[in-house]
Amino acid sequence: MSMRKRHQRIFACWLLACALISAGCAPDEGDPAAVVEQYLRAKVASDMNEMRGLLCAEMENLLERESRTFETVTNVEIQEMACERSGETTVSCSGTIVAAYGAENTEFPLTSYRVVREDDGWKWCGEA
Amino acid sequence: MVTERNRVGTWVRVRGSASDSAGEVDGWVLTGLLTLHPTLRLSQVPVNSELGDADLENIDDPELRRLYAVPVISRVSAQMQLVYQRGRLLGNDSRVVTKVGDSLTADPLYLTVLGREDNELGPFDFLVETMVFFGPQTGVESVAARVGMSTRVVFDPMWTRNALCEPNETPLACEYRLRRPSVALIMFGPNDVLHMDVDAFGSGLREIIEESIQLGVIPVLSTFSSHPESQVWEKTLAFNLTIVDVAEAYGVPLINLWSAARSLPNYGLEGDHVHMRHSGYRYLKFDIGNQARYGVSLRNFLSLRMLDEIRRTLGMS
């Protein structure tokens, strides 16, 4: 194999590796529904760090309130969540967040959410 | 015989000969603990406006003293006249009163019973007009009163549970938009005290007051009953004093439920030291003194009494 061909192969491998790495780093970039699901899971877990990276800039000042949505209830879990893109900046979800308050359950049905594109990724931005 | 009563109507002065002693009796007694003559009408009994709602003489603790000193039913300030007028211009309905709070407020036997036709007010005849005025509009469930609600999540759209509410609308904003109330009876604390510090609580309360005033809704705050054996007793005192401070700062009406409930069995509370005890009746039954025994009855009584104060002061008709 000539030196020239060897260099071409190395360059092609390098290009392929770069493409694979960049795709692996941002799997949700093109999937706002996945971002919404990720945000809702973080919210249920009161994971403020995770939520911070998924919340749009215009709602940043509400991060603390967002992370404390379920502070007065216990055993919070999402049941049968299924989200899909329903518009250019809208994701519609079915399913319910169920929580306990004392002996009784209280429910928070999932709804449609607004998403915006920021920092090369989709961000959750409240209800739509 | 009953010679006078306090401003709220919860205490009456009784004078007369005791059947089992030679002397005369003369003293103040909780109205609800007496078997009164069925024809007695408290509107005909002179009001002693000088009488305080609590005897502070033997209370040394400064926090307790401050809490006891707050009247059970406050006067209605001139600022509330302006709020009411703004509300009228915005299209609020004079006859609509709503409720805002946690499970104690969401209780289906709190406030909603004002509209029942089988209510028995007993000697409290002076409250009938107010009950007829506000009662018919009280049967609607409030979006802003829900189990687990707090001063924080009342601003969280995820807690809005009504198909008529708009996306991103908070429970408070939705309730005010849908109902257009002139008055909101607001009580937070029993739930908040378990989950936040007193500064966050005060901040949430102020936000509620400001939004209410801006929308022409008269916000009526209320202290909440607490039990000395509760693990958060000291914190409940601090929270209640914050409610008092916020009410004073904004000049909004205040019901001192905490103080009034001191004379009830178990402070008007259930065994969990949080929720208020029911009488078992699904309507108001003041003729047998339920308001002197059960927390929910007392709260209904004081709410009606405060609405009466507001209606008369502001000339609502």
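Residues numbered from 1 in each chain as written. Chains lettered and ligands numbered in written order. Predicted model: local features only at pLDDT ≥ 70, side-chain atom pairs only at ≥ 80, totals over all residues. Heavy atoms only, no water.

**Concerning the overall build of chain B**
Secondary structure summary: chain B contains nine helices and eight strands in total. Burial status across chain B gives 56% buried among its 317 residues. Taking contacts inside chain B between residues at least 6 apart in sequence as the whole, the part at least 24 apart equals 71%. Summed over its atoms, the accessible surface of chain B is roughly 13300 Å², and 50% of this surface lies on carbon and sulfur atoms. When the 30 basic and 39 acidic side-chain charges of chain B are each reduced to a single mean position, those positions are 5 Å apart. (Helix = DSSP H or I, 4+ residues; strand = E, 2+ residues; numbered from the N terminus. Buried < 20%, exposed > 50% of the residue type's maximum accessible area, 1.4 Å probe, protein only. Contact = heavy atoms within 4.5 Å. Areas by Shrake-Rupley, 256 points an atom, 1.4 Å probe, with all protein chains shown as cover. Lys, Arg positive; Asp, Glu negative; His and termini not counted. Charge placed at Lys NZ, Arg CZ, Asp CG, Glu CD.)

**So, the sheet that holds strand β5 (residues 93-101) of chain B**
Residue and element names in this part refer to chain B. Read across the sheet, four strands follow the order β5-β6-β7-β8 without closing on themselves; strand pairing throughout is parallel. Across the chains shown, the open sheet's two edge strands, defined by having one partner strand only, are β5 and β8 (254-255). As paired elements, strand β6 (residues 181-187) and strand β7 (residues 218-222) share four bridges and run parallel to each other. Along β7, the bridge assignment pairs Leu-185 with Val-220. Strand contacts of helix α2 (residues 78-90): β5, β6 and β7, with the helix running at about 130° to β7, the strand carrying the most contacts. Together, β5 and β6 form the strand contacts of helix α5 (residues 171-179), whose direction differs from that of β5 by roughly 160°. (Pairing = 2+ DSSP bridges. Axes fitted to C-alpha atoms, helices over the stretch in contact; angles between N-to-C directions.)

**Some thoughts on the state of the cysteines**
Applying the stated rule across the entire model yields three disulfides over all chains. Disulfide pairing is shown between Cys83(A) and Cys93(A); the S-S distance is 2.1 Å. Here Cys83(A) and Cys93(A) share a disulfide; its torsion about the S-S bond, 110°, makes the bridge right-handed. Taken together, the residues Cys83(A) in strand β1 (residues 74-87) and Cys93(A) in strand β2 (residues 90-101) connect sequence positions 10 residues apart. Accessibility expressed as a relative area gives 13% for Cys83(A), which makes it buried. A sulfur-sulfur separation of 1.9 Å characterises the disulfide bridge that pairs Cys165(B) with Cys174(B). Its S-S torsion of about -85° marks the bond between Cys165(B) and Cys174(B) as left-handed, since a negative value means left-handed. A residue is classified by how much of its surface remains accessible, and Cys165(B), at 13% relative accessible area, is buried. For chain A, the bonded cysteines pair up as 1-4, 2-3 when numbered in the order they occur along the sequence. (Disulfide = S-S within 2.5 Å.)

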